[in-house]
Structure formats: C-alpha cells, structure tokens
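Listed below are the residues making up each chain.
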Amino acid sequence: MSQHFGRLGAMANGRVPYDAAAATENAEVVADMAKLPWAAFGAGTEGGKAGPEIWKEDAKFKERQQKLIEEAGKPASAAKAGNIDALKAQFGPAAASCKACHDSFRAR
Ligand code: ASC
C-alpha cells in the first residue's frame, strides 16, 4: 500500500511528472487496498505491528477504517476523471487518514 501511495504522492506533490495512467493505476490499488486489511484484525489476531488498542477501542478503530476507505477512494475517482487539481487536493487528507490510524493503533 505504501509503495502505491508513495508513487501517487510523488506525482501529487510534483516530485515526478504527472502520468495519468500511472496515477489511475496506483490510486485504484490504494482505493482497493484500503478496504482489505480489516479482516486481519479479528479476535485472536493480536500482536505484530498492530497496537493492542485495536482490540480495546473498537469504535475508534472502525471509525478510522471508514475514514481511510472514504479518503483513500477519492484520488482514484479524481485520477480516472483526469482531475489533477482534485487529486492534489485529496492526497493530503488521504495521507492524514493513514497517519491518524498509525498514530493511534500501530505498535511503537
Ligand atoms: C505514506 C505511507 C504512510 C502514509 C503516512 C502519511 O506514503 O507509507 O503510512 O503516507 O506517512 O502521513
């Protein structure tokens, strides 16, 4: 996820030239992947890089999931529509939704 989000960010932040096909491809992977991790945090899966708060703060964890799914989906729609300005504007909030969950729930 980080790889694909990073490629998108390089374009959104102008570190590499904007490539519409690459932006769409990477944004779609990000949007799809944002929906996938959650089944891996069920009962009995505690540990690894996941902080113990995940299993103690269920409502907050679910709220962060929904936020990621929502925010990480937007750049894909913008990329498909060829709307670079929207994609640039949406990248920051999508990154913030990654960070919000990591700050609260990633093991330190
Ligand atoms: C990334 C990545 C994250 C997020 C986060 C945003 O590219 O791997 O986890 O962006 O750093 O703040």
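Preceding this section is the structure that the text describes.
What you are looking at is a predicted structure, and each value in this text was computed from that prediction instead of being measured.

Each value, and the rule that gives it
Residues numbered from 1 in each chain as written. Predicted model: local features only at pLDDT ≥ 70, side-chain atom pairs only at ≥ 80, totals over all residues. Heavy atoms only, no water. Helix = DSSP H or I, 4+ residues; strand = E, 2+ residues; numbered from the N terminus. Buried < 20%, exposed > 50% of the residue type's maximum accessible area, 1.4 Å probe, protein only. Near = heavy atom within 4 Å. Polar contact = N/O pair within 3.5 Å; in protein donor to acceptor, adjacent residues only side chain to side chain. Areas by Shrake-Rupley, 256 points an atom, 1.4 Å probe, with all protein chains shown as cover. Nonpolar A, V, L, I, M, F, W, Y, C, P; charged D, E, K, R; others polar.

S.K.: Give a description of the environment of A78 that names residues and reports values.
M.R.: Structurally, A78 is set in helix 3 (residues 58-80). With a relative accessible area of 5%, A78 lands in the buried category. Through-space distance from the C-alpha of A78 to that of A27 is 9.0 Å; in sequence the pair is 51 residues apart.

S.K.: So what about the site of the ligand? Which residues, and what values?
M.R.: Residues in close proximity to the ligand include S2, F5, A95, C98, K99 and H102, which together make up its full environment. Take S2: an N or O atom from its side chain is 2.9 Å from an oxygen atom of the ligand. Contact with the protein chains removes 62% of the 310 Å² of surface that the ligand exposes when unbound. Only helix 1 (2-12) and helix 4 (84-105) provide two or more residues apiece to the shell around the ligand. The residue inventory of the shell around the ligand, partitioned by class, reads three nonpolar, two polar and one charged.

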